[in-house]
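Architecture at a glance
What follows is the residue order along each chain.
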Amino acid sequence: MFIIAGLGNPTREYEGTRHNAGFEVIDALAEKYNIAVDIKKHRAYIGKGIIAGQKVLLVKPQTYMNLSGESIRSLVDYYKIDETEELLIIYDDISLDPGQIRIRAKGSAGGHNGIKNIIAHLGDQVFPRIKVGVGQKPPRQDLAEYVLGHFSGEDKEKMKEGYAHAVSAAELILSGEMAAAMNEYNRKKKDE
């Protein structure tokens with residue numbers, strides 16, 4: 001069993017915001033593999049299915065971003081998975097351009113409160129993750145206001161591409177191809 005969790009904030013108010021990039025990738029995976037993510041358990045919406053030959057649990061924690069670890073810890077314990085190998089967290093990253101993705105097998109929170117909370121609850125920072133770029137905040141804009149804001153028209157298109165790349169990267173990771181996923185997607189995008 002592999003748990004793929006996309007981070008975000010629940011309720012309509014936050015739909016389509018930068019901070020909900022993780023939810024968007026889960027929605028894209030769910031649509032591609034016809035998995036209904038509609039069971040409410042472990043303070044999350046979850047859906048079971050098969051991706052790349054692996055049993056997966058798609059997860060959208062409903063604890064709000066900063067408490068994501070509460071839901072993730074509950075799921076890891078209940079399904080008795082090894083978070084270093086069978087957990088994949090997908091979330092937004094302001095240090096990457098919109099739509100750019102970066103894959104890591106482990107690492108610090110890098111200032112992301114959702115990841116900080118997951119690390120605190122798991123007691124470890126060794127778990128695979130896909131970071132989806134949402135762009136840097138403009139100078140003098142409040143960070144919370146920025147990540148809870150919506151994408152501009154041009155950035156929306158870049159994000160669709162980023163979500164598709166994150167889906168492909170997740171498929172590679174599920175197939176045991178972490179290195180291939182990193183080689184493919186961790187390169188800097190060349191300006192066209």
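Whatever comes next refers back to the structure up there.
Given the structure is predicted, the values throughout are model-derived calculations rather than measurements.

Our next topic: the overall build of the chain. Regarding its fold elements, the chain presents seven helices and seven strands. N-terminal to C-terminal, the α/β element order of the chain is β-α-β-β-β-α-α-β-β-α-β-α-α-α. Its C-alpha atoms give the chain a radius of gyration of 15 Å, near enough to 16 Å, the size a compact globule of 192 residues would have. Each of the three principal axes of the chain carries a C-alpha extent, and together these read 45 × 30 × 30 Å. Across the 192 residues that make up the chain, the buried fraction comes to 51%. Considering only contacts within the chain whose residues lie at least 6 apart along the sequence, 68% involve residues at least 24 apart. Just so you have it, the chain exposes about 9500 Å², and 47% of that area is on carbon and sulfur atoms. Computing the positive centroid from 26 side-chain charges and the negative centroid from 27, the chain places the two 2 Å apart.

Right, let's talk about the side chain of threonine 17 for a bit. Among the secondary structure elements, threonine 17 is positioned in the loop between strand E1 (2-6) and helix H1 (21-32). Residue classification places threonine 17 among the buried residues on the basis of a relative accessible area of 0%. A polar side-chain atom of threonine 17 sits 2.8 Å from the main-chain carbonyl oxygen of tyrosine 14. Sequence-distant contacts of threonine 17, that is, excluding residues within four places in its chain, are made with Val147, Leu148, Gly149, His150 and Phe151.

This paragraph deals with the sheet that holds strand E6 (residues 101-104). Within a sheet, neighbouring strands are paired by backbone hydrogen bonds and run either parallel or antiparallel to one another. On the basis of which strands lie adjacent, the open sheet formed by seven strands has the order E2-E3-E4-E1-E5-E7-E6 and mixed pairing. Only two strands of the sheet have a single neighbouring strand rather than two, namely strand E2 (39-41) and E6. The average angle at which neighbouring strand axes cross in this sheet is 25°, direction not considered. The sheet contact formed by strand E5 (residues 87-93) and strand E7 (residues 129-133) spans five bridges and is parallel. Across the sheet, the residue bridging to isoleucine 90 is isoleucine 130, located in E7. Across the face of the sheet, H1 comes into contact with E1, strand E3 (44-51), strand E4 (54-61), E5 and E7 while running at roughly 140° to E4.

Time to look at the nonpolar core. Ranked by size, the top nonpolar core spans 31 residues in total, and within it Ile4, Leu58, Ile103, Ile130 and Val132 carry the most contacts. Within the residue set of this core, elements represented by two or more residues are E1, H1, E4, E5, E6, E7, helix H6 (153-174) and helix H7 (178-185). Here the element with the most residues in this core is H6; it accounts for eight residues. Beyond its immediate sequence surroundings of up to four residues, leucine 58 is in contact with Ile4, Ile26, Leu29, Ala30, Ile35, Val37, Tyr45, Ile46, Gly47 and Ile51. Ala5, Leu7, Ile46 and Ile72 belong to the second-largest nonpolar core, a separate cluster that totals 22 residues.

Time to look at the pattern of salt bridges. Applying the stated criterion across every chain yields a total of eight salt bridges. Note that glutamate 171 and lysine 32 form a salt bridge whose closest N and O atoms lie 2.7 Å from each other. Remark: lysine 32 occurs in helix H1 and glutamate 171 occurs in helix H6; sequence separation between them is 139 residues.

The backbone phi angle of arginine 43 is positive, close to 55°, even though this residue is not glycine. Within the element layout of this structure, arginine 43 appears in the loop between E2 and E3. Overall, arginine 43 belongs to the partly exposed group, its relative accessible area being 48%. The phi torsion at alanine 52 lies on the positive side, around 50°, for a residue other than glycine. With respect to the helices, strands and loops of the structure, alanine 52 is situated in the loop between E3 and E4. Judged by relative accessible area, alanine 52 falls into the partly exposed class, the value being 35%.

Now for the pairing of E3. Side-chain direction in a regular strand flips from residue to residue, so the side chains alternate between the two faces of the sheet. Where E2 lies against E3, three bridges are found, and the strand directions are antiparallel. Across the sheet, lysine 41 pairs through a bridge with alanine 44, a residue of E3. If you look at the hairpin formed by E2 and E3, you'll find two residues sitting between the two strands, and histidine 42 has a positive phi there, around 55°. Two elements, E3 and E4, share eight bridges in a ladder whose sense is antiparallel. Along E4, the bridge assignment pairs isoleucine 51 with glutamine 54.

Thresholds applied
- Residues numbered from 1 in each chain as written.
- Predicted model: local features only at pLDDT ≥ 70, side-chain atom pairs only at ≥ 80, totals over all residues.
- Heavy atoms only, no water.
- Helix = DSSP H or I, 4+ residues; strand = E, 2+ residues; numbered from the N terminus.
- Rg over C-alpha atoms; globule rule 2.2 N^0.38 Å.
- Buried < 20%, exposed > 50% of the residue type's maximum accessible area, 1.4 Å probe, protein only.
- Contact = heavy atoms within 4.5 Å.
- Areas by Shrake-Rupley, 256 points an atom, 1.4 Å probe, with all protein chains shown as cover.
- Lys, Arg positive; Asp, Glu negative; His and termini not counted.
- Charge placed at Lys NZ, Arg CZ, Asp CG, Glu CD.
- Polar contact = N/O pair within 3.5 Å; in protein donor to acceptor, adjacent residues only side chain to side chain.
- Pairing = 2+ DSSP bridges.
- Axes fitted to C-alpha atoms, helices over the stretch in contact; angles between N-to-C directions.
- Core = buried A, V, L, I, M, F, W, Y, C linked by side-chain atoms within 4.5 Å.
- Salt bridge = Lys/Arg side-chain N within 4 Å of Asp/Glu carboxyl O.

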